[in-house]
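Chain and residue survey
The lines below spell out each chain.
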Amino acid sequence: MIFSILSLTPELSWMLIKVLVCIGFLMLLAPPLTWVERRGSAMIQDRIGPNRAALFGKIKILGLAHVLADGLKFFFKEDLIPKDANRSLFWIAPALAFIPALLGFAVIPVGRSFQVEGVTYHLSLIDPNNGMGLLYPLAIGGLAVYGVLVAAWSSNNKWSILGGMRASAQMVSYELGLGLSVLALFVAVGGYDPHEVILDQVEHGWFLWRQPIGFLVFFVCQFAETNRLPFDFAEGESEIVAGFHTEFGSMKFGLMGLTEYIHIIVASALIVTLYLGGWSIPFNGDGDRWPVLVTVASFLVKLLFMCWVFVWVRWTLPRFRYDQLMYLGWRIMFPLSLLNLVLNAWWITR
Amino acid sequence: MATLVKKIQLSWWDRLYFPSVLKGMWITWGHFIRQILTPTSKRFTIQYPEMKKEMPEGYRGLHELKQFEDGSIKCVACFMCQEACPARCITIEAEEFSDLNFTQGFEEKRPKVFKIDMLRCIYCGMCEEACPKDAIWLRKDYELAAYDRLSLNYGKWDLMNTYADTDGKPIQTESSELPPSPPRNFVTM
Ligand code: SF4
Ligand code: SF4
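Structural notes, computed from the coordinates. The model shown is predicted, which means the values in this text are computed figures rather than measured ones.

Some details on the pattern of salt bridges
Taken as a whole and assessed by the stated rule, the structure comprises ten salt bridges over all chains. Ionic pairing is found between B:Glu64 and B:Lys66, a salt bridge with its closest N-O pair at 3.5 Å. On the accessibility criterion, B:Lys66 (8% relative accessible area) is buried. Note that B:Glu64 and B:Arg139 form a salt bridge whose closest N and O atoms lie 2.6 Å from each other. With a gap of 75 residues between them, B:Glu64 in strand β1 (residues 63-65) and B:Arg139 in the loop between β4 (136-138) and β5 (153-154) connect regions that are remote in the sequence. B:Glu64 sits in the buried class, given a relative accessible area of 0%. Within the structure, one salt-bridge network assembled from shared partners comprises A:Glu37, A:Glu260 and A:Arg314.

Considering unusual backbone geometry
Residues and elements named next belong to chain B. The backbone phi angle of Ala 77 is positive, close to 55°, even though this residue is not glycine. In this fold, Ala 77 is placed in the loop between β1 and α3 (80-84). You will see that Asp 134, though not glycine, has its phi angle at about 55°, which is positive. Examined against the element boundaries, Asp 134 turns out to sit in the loop between α4 (126-130) and β4. On the basis of relative accessible area, Asp 134 is assigned to the partly exposed category, the value being 44%.

Some thoughts on the interface of chain B and chain A
In this complex, chain B contributes 17 residues to the contact, which on the side of chain A involves 18 residues. The largest contributions to the chain B side of the interface with chain A come from B:Phe18, B:Met25 and B:Phe32, which together make up 31% of the buried area. Here chain B is connected to chain A by zero salt bridges. Our count for the contact surface shared by chain B and chain A stands at eight residue pairs in polar contact (both at pLDDT 80 or more). When the residues that make up the side of chain B that touches chain A are grouped by side-chain class, the tally is eight nonpolar, seven polar and two charged.

Quick look at the site of ligand 1
Around ligand 1 lies a shell of 14 residues, among which B:Cys85, B:Cys121, B:Cys124, B:Gly125 and B:Cys127 are the nearest. Looking at side-chain class alone, the shell around ligand 1 contains twelve nonpolar, two polar and no charged residues.

Focus on helix α2 (residues 10-44) of chain A
Taking 1.5 Å of rise per residue, 35 residues should cover 51 Å, and α2(A) covers 48 Å from first to last C-alpha, within 8% of that figure. One or two steps after α2(A), the chain reaches A:Asp46, where phi turns positive at roughly 60°.

Some details on the site of ligand 2
By nearness alone, every residue bordering ligand 2 is listed as B:Cys75, B:Val76, B:Ala77, B:Cys78, B:Phe79, B:Met80, B:Cys81, B:Ile92, B:Phe114, B:Cys131, B:Pro132 and B:Ile136. Taken together, the residues that form the shell around ligand 2 break down as twelve nonpolar, no polar and no charged.

Brief notes about the sheet that holds strand β3 (residues 108-117) of chain B
Residues and elements named next belong to chain B. Reading across the sheet, the three strands line up as β2-β3-β5 and stay open at both edges, with antiparallel pairing between neighbours. Strand pairing shows two members of the sheet lacking a second neighbour, β2 (90-97) and β5, which therefore form its edges. With eight bridges connecting them, β2 and β3 associate as antiparallel partners. When the bridges of β3 are listed, Phe 97 appears paired with Glu 108.

Definitions and limits used
- Residues numbered from 1 in each chain as written.
- Chains lettered and ligands numbered in written order.
- Predicted model: local features only at pLDDT ≥ 70, side-chain atom pairs only at ≥ 80, totals over all residues.
- Heavy atoms only, no water.
- Salt bridge = Lys/Arg side-chain N within 4 Å of Asp/Glu carboxyl O.
- Buried < 20%, exposed > 50% of the residue type's maximum accessible area, 1.4 Å probe, protein only.
- Helix = DSSP H or I, 4+ residues; strand = E, 2+ residues; numbered from the N terminus.
- Contact = heavy atoms within 4.5 Å.
- Buried area = accessible area lost by both parts, 1.4 Å probe.
- Polar contact = N/O pair within 3.5 Å; in protein donor to acceptor, adjacent residues only side chain to side chain.
- Nonpolar A, V, L, I, M, F, W, Y, C, P; charged D, E, K, R; others polar.
- Near = heavy atom within 4 Å.
- Expected span 1.5 Å × (residues − 1).
- Pairing = 2+ DSSP bridges.

Rendered as structure tokens:
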């Protein structure tokens, strides 16, 4: 085996496999998601969508070749840097946006933990009881603001800076509601580890039903966090060209685009873990008897559904006005999440 | 002057937003399902090179110079169309055409050169209106493209033969030289 050649311990090789599979999964899922977005939006708007690009000029596969063609195109585009841009920051910005987006997935368990020969294997990158739990993806999610802001600042463009400022204000204000709604959930679970949260949901039912207000707030705030319509103020193409990534071209832009979709996947994974029972299977009690692969499949189905909801909402709702966004964030989402917290706190001390 | 925008008071139900959002999502979902289940041929979008739109009656596309059944040109080179053309894109040179001399004792005119510069033409249909002989028609062809300007300067033969589809006349292709004009039948009275 290759692992014995590299003289890796089983733990290390297991870790390696997990890292490769997880990151590979995210990177592989994001491009098809762009396809889903383009074709899905087309169908929603009674259009047809991109369907012309073909592999070797022959195989059209429903326009999936457009994904490949786009990627290839980004690689061969000229890499322009604006004259007065801050060059080093301009180079770092896409990575700064991309990496935090990717990292958030690390604590999400994609399936049931299982035991082989007395060793327990966990299907999340970071094993449970690591002391970070679900605080980690939230903290990393907070870092996403830097990617946007640095990209906006470094490109020395007024549209960009407007987009960046809007995005940062928006993300910071919605983080409050996000944190508080998750807090109510932690209170109900009595722990903040994703495994505990999921096991609690296996026992007592999904948090979607137990904390609908919390779910609502969390869901809306995730839209703000991922900078998607109806909250895509960082871009707002009708107002500020393309917002924070106006000046980015070639693969830098490709990375920015990929980041958005990875954000969607991670946000969906979070929603699934926190509110939709993670890898558990509804109406089917007893979590210890499910085959591991079935739990993984269950997780994937929920994840893909949430990703689709993100696309679906984007093509349903128009963009908010900026003051409406702030109003919604501070005067509705924040009090709602507080109310949710208080209600849940009262519920468990009853 | 500043304009005061009246704020619309929404009902509490509307201000909850979520019912309306769900309703909107229901609508988009309906569109999605309906569109995805519609076969390509029935969708609104016409997949152009594979599918073509049937042009409506009265569409003004590429011209055709009409022929008699025997294939001789209907046009008598009266220059009416050239005069009427607002884009000045018709060039006609007349010639005498004297087969009839033998029986009728008079001569007729016909165009020796009949050129329309399709790049200048605005497809207004004035030529069609002006023609006393119904010799020039605007038909439904709209796919006019070429790699150079000269090839869109249609000559007499092009104009007589490019459009023959819905008439049931065969499209003549791949003969580069002018086809020999068919022998004109003598008119027997
Ligand atoms: S359609 Fe109008 S512009 Fe074109 S040739 Fe006839 S009269 Fe001239
Ligand atoms: S096409 Fe009609 S109007 Fe034009 S020269 Fe011929 S007969 Fe006259």
